[in-house]
Each structure stands twice: as C-alpha cells, then as structure tokens.
Number of protein chains: 2
Amino acid sequence: MIAGEPNSSHPVIDLRDIERAAEVIAPYVVTTPIVPSEVVSSKLGCQVAFKAENLQHVGAFKARGATNAVMGLDDDVAARGVVTHSSGNHAAALARAASLRGIPAYVVMPENSSETKIAAVRGYGVEPVFCEASNEAREETAERVRLETDATLIHPFDHPAVMAGQGTVGLEILRQIDPVDVILVPVGGGGLLAGILTAVKSLRPEVAVIAVEPEWANDAARSLMIGKIQMPTRYDTIADGLRTALGANTFPIIRRLLNEILLVEEDQIRTAMRSLAEEAHLVAEPSGAVTLAAIQQYPARFTGLNVVAVVSGGNLSFGKCRLGQPAGSFDV
Amino acid sequence: MIAGEPNSSHPVIDLRDIERAAEVIAPYVVTTPIVPSEVVSSKLGCQVAFKAENLQHVGAFKARGATNAVMGLDDDVAARGVVTHSSGNHAAALARAASLRGIPAYVVMPENSSETKIAAVRGYGVEPVFCEASNEAREETAERVRLETDATLIHPFDHPAVMAGQGTVGLEILRQIDPVDVILVPVGGGGLLAGILTAVKSLRPEVAVIAVEPEWANDAARSLMIGKIQMPTRYDTIADGLRTALGANTFPIIRRLLNEILLVEEDQIRTAMRSLAEEAHLVAEPSGAVTLAAIQQYPARFTGLNVVAVVSGGNLSFGKCRLGQPAGSFDV
C-alpha cells in the first residue's frame, strides 16, 4: 500500500475491522483513560476531557496500529520480519510489536534522529538501520532492506491494519464517556483520524469529529479544500508528528466523514503543552497538544459543549529543565 | 479531633466507612487510572504501575477526603461552613468540596503561600484568610475563624471522614489491578496511608503496604521505631506535602498494619519526577514521586514483584521551563 493519490474505490477499513483490531490488540495495549479537567474546562467554557494516548505503551497511539498489523500477519510472512522507516513513535511501536511476536523488525531511521527516539527503538531490542536524513534516502533504504530480507513493509499510517488499530481509540471513547458532542483529533498522515472517523461515524454519526493541524503544516486543510492530496510546504512546526501528507487510503475516508478542520498557531501549541502539564498533569508532545490548542484558539466554537481532545502522544524530553524546585517556586 | 498523642482505643475508621465514602464521593471524584509503564518496569526489574492520583480533581487525592467530610455533615452544621488551615492541596480540595455543597469554606493560608496554590483556592470561589507563616499562627487563626463563624474544622488528615475518603484509593487499586504484591504509599500526616491500610488489610491482607517518606522528613520512621509520634526535625525536603507529623488517629492504624517504611533521598525524588514525566508521561509533584523514588533507591527489594506506586499529586509549576522545543532537542 503506497501513499499517493486518493483510492477512489470503497474505504479500505470498516467498523468490523476496528472491532476485530480491538480484540487482537487487547492483550498488548493500554485501554487509556479519559481524563476530565475541571480547571481547563472552567477556563475554556466547555467540558474538556482528554483521551490520554500519551499513557499508551511507547507513549503514543502508534502502539495500537503497529500491534494490529504485526499480529495480523500469517506465520510464514511474519517470520521474515517487518520493516518501516520512521523517525518517530511508529518506529518504537513497530519494534515493540515485533518483539511481542518474536519476529525481526528492521527500522530505518534518519541518522539525525534524536537520541531519545533511537534509545526507544533499542529498548525493544532492535538496532536501527541508519540512513541520510531525506525522505528519498528513507524510502530507498527501507525498500533495499525489504528486498534483502523479504520482510513486510508496515507503513506508519496508510496500511489498513494500522488504520484499523488506531480506530480502536474511537471505540474506546464512545464506551468511556457520555455525553460527547465533539472529538478533536490531530492529523498528520491521517491514520488515527481515519480510524476514529470510521468507528465514530459508524456508531454515533451525530458526534462531530474535528481534525486539528498546525498552521505551519496545513496540507490536510488544503487537501480537503482542493479535493486532492497536497504536500506540506514547510516542515518546521514543533508538532513533528504532523509534518506528513495524507495517504491514498486515509484521505478518502477523511474527505467523506470529517466534520471540520481547525488550524492552530505554534504559540498555542506551546501554551497547550504547559496547560496539559500544569493543569491536567499530563505530559504531551507537541503533536499531542494541538487538540487542546484548538479549543484555546477557538473557544467560542466549543462553548457549552462536551469535548474529548485526543492527546495522541507524550514523548517529550525535559532536557536541562529542573523539576522539583522548592514548593511554590519551581522556576528554573 | 486533634493531632497529638496516639489514640489507644479502637481505630477511628474501618472498611465499612471506606465503602460508604466511596459511594458518597463517587459523583464528585475521578476513579483515577492505573498507569502501567513498560519502560520503568524494564529499567527497575519489577512490574510497576502507577495509581495516578495526580489525575484526580484538584490534582491530588485530597479531593476524596475533603469531599467525604463535607458531604457527611448534617445540613444545619454544613450551612455554617467548614474551616481548615493548609498551604497545600487540602486547601483547594476543601474549597472545591464546599463549593459543590454550596456552603462557605474558610481556608487559612500562610501569607507566603505560592501564587499557584492561592489561585487554586480562589478558583473554587474561596478567598483565603491569610496569616503569618508559622504553625502557631495557622492554628490560632483557624481557631479564631472557627469561633467567629461556628464553621466545622476539617483537619487535613486526622479527621475520620477524611481518612475514610482517602482510603477509597485502596479500594480502587484492588479492583483495578491483579496481581499486586506491594502498594507503595507516601506518608506525611498519614491520612492516605491509614485509609489505604484499612482498606487493603481488610480485603487482601497478603498485599504488602509500604510507606515512603523523605530522609529529610523521617518522623514517621522514627515514630514507628519509638512507638510514639515524633515531630519532624527539619522542614526542607522538596516533598512539601510530607513535612508533617503523624496524627493521633492515623498513627495507631499505621503502627498496627504497616509492613515496612522506606526513606528516600532528595536526589532520588528529583530523578523519579523526571522519570515519571519522560517515561510514564505523568506530572508528579515531589510528594507524589517518592514512591517511584523508593523503587529506584531500593530496586533489589522489589525484583520480580508487581508493584503499585501511588502518585499522590501532580501540582507542579514549570516556571520558566520551556516546553516544546523542536523535536529531538527539547533542551532549555
């Protein structure tokens, strides 16, 4: 399955795929909590609860899709291993899923990947294959490894089993909280968004699903306007997980089912990260904080509503930031 | 009920009080999640899961006890309001509980309390009564307010209804996770510890309950050794919630039921806060991080065990710490 032009035939996943994925991955993933915040809610004038995928294994929803894809392979195919290229959470998620199944994983990472992310992959017993830091080098290296090993490519978001796995987030939200008027979902490649849309619009079509992306990575908004997948024009948003174009499989689902898309400013993302940490006591990475950023930036849109904001990941290094100064003055 | 010498008669709470408290507070508090961490577990050689009371309303378990105490008052008594002195989470918890019941709260706070904590109390519609920053001034001011208003004093930890409310944490843990070999609980005044001990030792006496306090606030360890409540000898641990002596009601329960107490270093508390944030994606205040600090400092004690570490609170300001640097280099 290759990202590119929209797949014009029927959607590659449906509700049944997501329900099956939920059964397959149940032993391996966390049913992440819904975390309500009175403080955030009272500040923003709506009932805000966070779907805390930052508390998922590997610190992101990516554990769901990767696990579903790996567990779904036939034994003989699985034995040859899986391969992907990723500088982010999918790399660790695939390494973990492969390790759970006891098969090899080949993870191609740009040589400038952060130490934290390299360490996460190594933590699951996988030594990354390093390549130059360009999209071309990543894809070429992954293809070379695939040909050498005959391993199965698990695309980070456009693989149907990955999309179905991410959709289990939507199933859980509907089971965990009621009433819910709006679900806010970050959009990068669209795997999480397409999965949640498929689940929610099948079961509770009246619940609005709103996508959020950074203004500096507004390719999904432009794609929806034009009706054709557009590439990002810049790659410098702090929300590094959302710098990706939509995929051939994710785009048609999003186009058909999405209620609305909101764009957020970089400063709003930073403010949302701080609010999540100080007011909701959750660590979110920038990509995971864009949903709260959207409520902050467009509060009138949400007044009085019951809103679930998906916090998609929490992998953040605090660097030299000193935690635990004397009470009342935690300044650094 | 006044803190001081041990209450030598039968314990002031039992399992039934805690079960009743669970029913009373259910509409007003969060059933906080158990958050497992594969990364922390694999580093420390035991199965670690966090009972995330940092995700409780007001950011700490204190919401439970305060709500139970306030909801348990007769209408005519409740109408005259409640009073307490606290520079910490109990202040916000009592303000919130009073606001939920629609009665006045008088919260005496030292004039040097942090802006964050003052703002938290004001956030629940209560203007604090400020006093000098000494224990004497706090108690005298609270007593003066009590006499003036005829409000009911709700002691932060030694009040039976507060202890019963905190004990609901223990009920939830036993319902939420199995197997569990050890539960680690921070100890300051002992309300949370006495409550959890009462619940756990009634239902699953074979589960070990281990208290954790800072070496710099080792009064509980000394009290247990000598068999008589000892005062702290210094008040400078970063775990500001644990700078308190045990109470007349909490001490006898702890003395009778506790399996073990561990003391942790200040640096271990800081390391644990960072590990909670970076590896488990939870924001813990220093007092909430002592339980993980104990596993870090004494890993051999826990090898191979299923450990629940209670993260009692998450109220932490990040001050000038900049969150959300470009991916891979979040240094500040």
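Attention in this report is confined to the structure presented alongside it. A quick note: this is a predicted structure, and the numbers were derived from the prediction, not measured.

### Re the packing of helix H9 (residues 191-203) of chain A against helix H11 (residues 250-257) of chain A
Residues and elements named next belong to chain A.
Phase 1 of the analysis: The contact between H9 and H11 brings their axes to 9 Å, and the two run at 45 degrees. By the angle class used here, H9 and H11 are oblique. Pair H9 / H11 crosses with left-handed handedness. Facing Gly191, Leu193, Ala194, Leu197, Thr198 and Lys201 of H9, the residues of H11 in contact are Thr250, Ile253, Ile254 and Leu257.
Phase 2 of the analysis: When the residues that make up the contact of H9 with H11 are grouped by side-chain class, the tally is six nonpolar, three polar and one charged.

### Considerations on the interface of chain A and chain B
Phase 1 of the analysis: Counting from both sides, the interface comprises 41 residues of chain A and, opposite them, 41 residues of chain B.
Phase 2 of the analysis: Going through the elements one at a time, strand E1 (34-36), helix H2 (38-44), helix H6 (115-123) and helix H12 (266-279) of chain A are the ones with two or more residues in the side of chain A that touches chain B.
Phase 3 of the analysis: The element best represented in the side of chain A that touches chain B is H12 of chain A, accounting for six residues.
Phase 4 of the analysis: Partitioned by chemical class, the residues of the side of chain A that touches chain B number 21 nonpolar, 12 polar and eight charged.

### What to know about the relation of the copies chain A and chain B
Phase 1 of the analysis: Least-squares fitting of chain A to chain B yields an RMSD of 0.0 Å, with the superposition described by an axial translation of 0.0 Å and a rotation of 180 degrees. Expressed as a symmetry operation, the mapping of one chain copy onto the other fits a two-fold axis.
Phase 2 of the analysis: By residue overlap, the copies meet face to face through one surface: 98% of the interface positions of chain A are interface positions in chain B.

### Some remarks on the environment of valine 82 of chain A
Residues and elements named next belong to chain A.
Phase 1 of the analysis: Assignment of secondary structure puts valine 82 in strand E3 (residues 82-85).
Phase 2 of the analysis: Taking the C-alpha atoms as reference, valine 82 lies 31 Å from valine 290; in sequence the two are 208 residues apart.
Phase 3 of the analysis: Residues in contact with valine 82, not counting those within four places in the same chain, are Val70, Leu94, Ala98, Ile103, Ala105, Ala151, Thr152 and Ile154.

### Examining the sheet that holds E1 of chain A
All names here are of chain A.
Phase 1 of the analysis: The sheet built from six strands is open, its strands ordered E1-E2-E10-E7-E8-E9 with mixed pairing. Two strands in the sheet have a free side with no partner beyond their single neighbour: E1 and strand E9 (260-264). On average, each strand axis in the sheet is tilted by 25 degrees relative to the strand beside it, whichever way the strands run.
Phase 2 of the analysis: Where strand E2 (residues 47-52) and strand E10 (residues 306-311) come together, six bridges link them in parallel fashion. Opposite lysine 51, over in E10, you have valine 310 as the bridge partner.

### What about the nonpolar core?
Phase 1 of the analysis: Counting 227 residues, the largest nonpolar core has Leu94, Val185 and Leu282 of chain A together with Leu94, Val185 and Leu282 of chain B as the members making the most contacts within it.
Phase 2 of the analysis: Those residues in contact with leucine 94 of chain B that sit more than four places away from it in its chain are Ala66, Val82, Thr84, Ala105, Val107 and Ile154 of chain B.

### With respect to helix H8 (residues 160-176) of chain A
Phase 1 of the analysis: End to end, H8 of chain A covers 25 Å across 17 residues, agreeing with the expected 24 Å (1.5 Å per residue, within 8%).
Phase 2 of the analysis: The element H8 of chain A is largely enclosed, with a buried count of 14 among its 17 residues.

### A word on the pairing of strand E4 (residues 105-110) of chain B
Residues and elements named next belong to chain B.
Phase 1 of the analysis: In terms of burial, E4 is a largely internal element, five of the six residues being buried.
Phase 2 of the analysis: Of the strand pairs in this sheet, strand E3 (residues 82-85) and E4 are connected by four bridges, and their pairing is parallel. Paired with threonine 84 across the strands is valine 107, a residue of E4.
Phase 3 of the analysis: Following the backbone out of E3, through helix H5 (residues 89-101) and into the adjacent parallel E4, one traces a crossover that is right-handed.
Phase 4 of the analysis: Two strands pair when backbone bridges link them, and E4 and strand E5 (residues 129-131) are joined in this way by three bridges, in the parallel orientation. Bridge pairing links proline 110 to cysteine 131 in E5.
Phase 5 of the analysis: Viewed along the sheet, the connection from E4 through helix H6 (residues 115-123) into E5 turns out right-handed.

### Brief notes about the sheet that holds strand E6 (residues 152-153) of chain B
One key point about sheets: their strands pair by backbone hydrogen bonds, in either a parallel or an antiparallel sense.
Phase 1 of the analysis: Overall, parallel pairing links the four strands, which are arranged E5-E4-E3-E6 (chain B) in an open sheet. With partners counted over all chains shown, the strands left at the sheet margins are E5 and E6 of chain B, one partner each.

### Overview of helix H13 (residues 286-297) of chain A
Residues that lie three or four places apart on an α-helix share one face, since the helix turns once every 3.6 residues.
Residue and element names in this part refer to chain A.
Phase 1 of the analysis: With 12 residues, H13 extends 15 Å between its outermost C-alpha atoms, agreeing within 8% with the 16 Å of an ideal straight helix rising 1.5 Å per residue.
Phase 2 of the analysis: For H13, the buried fraction is high: 12 of the 12 residues fall into the buried class.
Phase 3 of the analysis: Listed as buried for H13 are Pro286, Ser287, Gly288, Ala289, Val290, Thr291, Leu292, Ala293, Ala294, Ile295, Gln296 and Gln297.

### Let's talk about unusual backbone geometry
All names here are of chain A.
Phase 1 of the analysis: Following aspartate 178, the chain continues to proline 179 via a peptide bond in cis, the omega torsion being 5 degrees.
Phase 2 of the analysis: Assignment of secondary structure puts proline 179 in the loop between H8 and strand E7 (182-186).
Phase 3 of the analysis: At aspartate 150, a residue that is not glycine, the phi angle is positive and equals roughly 60 degrees.
Phase 4 of the analysis: When you line up the elements, aspartate 150 lands in the loop between helix H7 (135-149) and strand E6 (152-153).
Phase 5 of the analysis: Residue histidine 281 is not a glycine yet carries a positive backbone phi of 65 degrees.
Phase 6 of the analysis: Here histidine 281 shows up in the loop between H12 and H13.
Phase 7 of the analysis: Histidine 281 sits in the buried class, given 28 other C-beta atoms within 10 Å.

The rules we used
- Residues numbered from 1 in each chain as written.
- Chains lettered and ligands numbered in written order.
- Predicted model: local features only at pLDDT ≥ 70, side-chain atom pairs only at ≥ 80, totals over all residues.
- Axes fitted to C-alpha atoms, helices over the stretch in contact; angles between N-to-C directions.
- Helix = DSSP H or I, 4+ residues; strand = E, 2+ residues; numbered from the N terminus.
- Parallel < 35°, antiparallel > 145°, perpendicular 65-115°, else oblique.
- Left-handed = near helix turned anticlockwise from the far one by under 90°.
- Contact = placed C-beta atoms within 7 Å.
- Nonpolar A, V, L, I, M, F, W, Y, C, P; charged D, E, K, R; others polar.
- Least-squares fit on C-alpha atoms with pLDDT ≥ 70 in both.
- Pairing = 2+ DSSP bridges.
- Core = buried A, V, L, I, M, F, W, Y, C linked by C-beta atoms within 7 Å.
- Buried ≥ 20, exposed ≤ 12 C-beta atoms within 10 Å, placed from the backbone.
- Expected span 1.5 Å × (residues − 1).
- Right-handed = clockwise from strand over helix to strand, strands pointing away.

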